[in-house]
Amino acid sequence: MTLRRLRSTAPAGPAPALVALALALALAAAVPAAAATAPAAPAFPHFDHVPHANQIWGGYAITGQKFTSVSGSWNVPALDCSTARNSAVSPWIGIDGWSSSTVEQIGFDQDCTNGTPGYYPWVEMYPANSIYFTETVKAGDHITASVSVSGTTFTLTEADTTQGWTKTYKKTGSDQLSSAEAIVEDLGSNIPAVAKFDPVVFTNLTANGSPFAAAGTANATSIERGNTLLTKNSALSGGSYTLSWLHA
């Protein structure tokens with residue numbers, strides 16, 4: 001841009017100072033707007049995951065010996081939040097909880113919040129609260145996880161091999177080690193609505209290094225509301241089974 005100096009016939013006065021003041025005020029007003037930070041993302045629901053109770057767990061728990069390790073893989077299912085605008089269920093694997101008051105577990109929540117799906121990974125040494133972490137999980141991802149104990153030290157690991165992250169936690173505890181599980185849990189009280197989800201396919205499930213079906217007594221359980229089944233398990237075959245949604 002070429003600036004041209006215009007000759008003024010007006011008498012000299014305070015006009016330049018006024019112009020400078022106006023410019024300074026304009027710049028000062030613009031600075032806060034430019035420096036304003038974006039609003040924080042809305043918080044997502046946080047849940048505590050609990051020991052087995054009637055109707056809130058779907059899947060399999062293995063009993064019959066002392067369990068010092070469990071591992072497995074599963075897919076992240078797509079959610080249809082039109083079937084339940086607010087819903088929270090959680091696929092996980094862990095040790096204890098079938099007949100004991102502690103659970104050492106790791107997995108993720110799959111939530112519908114006001115009709116919007118979301119996936120939130122966590123680890124928990126129940127009865128301590130869940131610890132959520134910020135890594136990304138999306139529908140279609142592949143998850144692997146494991147829980148093991150040596151002495152009183154538990155190692156809980158979860159990896160999203162699609163997104164390329166791994167989280168490992170070490171916690172201490174003195175627990176019964178009486179069961180090993182691969183579960184989908186309904187979160188909340190009074191068996192809340194379960195949004196439709198694609199089948200969750202658990203594979204490579206092991207307990208104490210053996211395939212689930214050979215590691216002890218397989219106890220099947222389903223999420224139910226009264227006499228209505230909300231989920232259904234396939235038969236446990238070696239270290240694999242599929243859990244399917246039936247009803248919100």
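Residues numbered from 1 in each chain as written. Predicted model: local features only at pLDDT ≥ 70, side-chain atom pairs only at ≥ 80, totals over all residues. Heavy atoms only, no water.

Participant: Could you give an account of the overall build of the chain, with specific residues and numbers?
Facilitator: Of regular secondary structure, the chain possesses 1 helix and 19 strands. Looking at the chain as a whole, 42% of its 248 residues are labelled buried. Looking at the chain alone, contacts between residues at least 24 apart form 69% of all its contacts between residues at least 6 apart. Here the chain has roughly 12,600 Å² of accessible surface; of this, 56% comes from carbon and sulfur atoms. (Helix = DSSP H or I, 4+ residues; strand = E, 2+ residues; numbered from the N terminus. Buried < 20%, exposed > 50% of the residue type's maximum accessible area, 1.4 Å probe, protein only. Contact = heavy atoms within 4.5 Å. Areas by Shrake-Rupley, 256 points an atom, 1.4 Å probe, with all protein chains shown as cover.)

Participant: Help me get a handle on the pairing of strand β10 (residues 165–172), residues and values and all.
Facilitator: The side chains of a regular strand alternate, residue by residue, between the two faces of the sheet. Pairing of strand β9 (residues 153–160) with β10, which is carried by 8 bridges, proceeds in the antiparallel orientation. Bridge assignment links Thr-153 to a residue of β10, and that residue is Thr-172. (Pairing = 2+ DSSP bridges.)

Participant: Quick one: what's the story with the state of the cysteines, residue by residue and with numbers?
Facilitator: Think of a disulfide as a covalent bridge from one cysteine sulfur atom to another cysteine sulfur atom. Tallied over the full model, the rule gives 1 disulfide. A sulfur-sulfur separation of 2.0 Å characterises the disulfide bridge that pairs Cys-81 with Cys-112. Judged by the torsion about the S-S bond (-85 degrees), the Cys-81/Cys-112 disulfide is left-handed. Placement of Cys-81 in the loop between β3 (79–80) and β4 (87–95) and of Cys-112 in strand β5 (residues 103–113) is noted, with a sequence separation of 31 residues between them. Side by side, Cys-81 and Cys-112 carry an identical accessibility label, which is buried. (Disulfide = S-S within 2.5 Å.)

Participant: Quick rundown of unusual backbone geometry? Include the residues and the values.
Facilitator: In the segment running from Tyr-126 into Pro-127, the intervening peptide bond is cis, with an omega of 20 degrees. Here Pro-127 is to be found in the loop between β6 (116–126) and β7 (131–132). A positive phi angle, near 55 degrees, is found at Asn-204, a position not held by glycine. Tracing the sequence through the fold places Asn-204 in strand β13 (residues 200–207).

Participant: How would you explain the packing of aromatic side chains if you had to name every residue and give the values?
Facilitator: This structure, assessed with the given rule, holds 9 aromatic pairs. Arranged with centres 6.3 Å apart and planes meeting at 40 degrees, the rings of Trp-57 and Trp-98 form a pair that is tilted. With Trp-57 in strand β1 (residues 57–63) and Trp-98 in the loop between β4 and β5, this pair connects stretches of sequence that are 41 residues apart. Look at Trp-57 and you get buried, because its relative accessible area is 0%. (Phe/Tyr/Trp six-rings, centres within 6.5 Å; stacked < 30°, edge-to-face > 60°.)

Participant: Kindly report on the sheet that holds β1, identifying the contributing residues and their values.
Facilitator: Where strands meet in a sheet, backbone hydrogen bonds hold them as pairs that are either parallel or antiparallel. In spatial order, the strands read β7-β6-β5-β4-β11-β1-β15; together these 7 strands make up an open sheet with antiparallel pairing. Edge positions in the open sheet fall to β7 and β15 (217–221), since each of these has one partner strand only. Bridge count for β1 against strand β11 (residues 179–186) is 7 bridges, and the pairing is antiparallel. When the bridges of β11 are listed, Trp-57 appears paired with Glu-185.

Participant: Residues and numbers for the nonpolar core, please.
Facilitator: Among the nonpolar cores identified, the biggest contains 58 residues, and Trp-74, Val-184, Phe-197, Phe-202, Phe-212 and Tyr-241 are the most heavily contacted of them. For this core, the element with the highest residue contribution is β6, accounting for 5 residues. (Core = buried A, V, L, I, M, F, W, Y, C linked by side-chain atoms within 4.5 Å.)

Participant: Which residues make up the side chain of Thr-157, and what values go with them?
Facilitator: Looking at where Thr-157 falls in the secondary structure, it is placed in strand β9. Filtering out sequence-adjacent residues up to four positions away, Thr-157 remains in contact with Ile-106, Thr-144, Ala-145, Ser-146, Thr-166, Lys-167 and Thr-168.

Participant: Hey, could you go over the side chain of Ser-130 for me, with residue numbers and the actual values?
Facilitator: The topology assignment puts Ser-130 in the loop between β6 and β7. You can call Ser-130 buried: its relative accessible area is 13%. At 2.9 Å, the side chain of Ser-130 and the side chain of His-49 are in polar contact. Sequence-distant contacts of Ser-130, defined by excluding residues within four places in its chain, comprise Phe-47, Asp-48, His-49, Val-123 and Glu-124. (Polar contact = N/O pair within 3.5 Å; in protein donor to acceptor, adjacent residues only side chain to side chain.)

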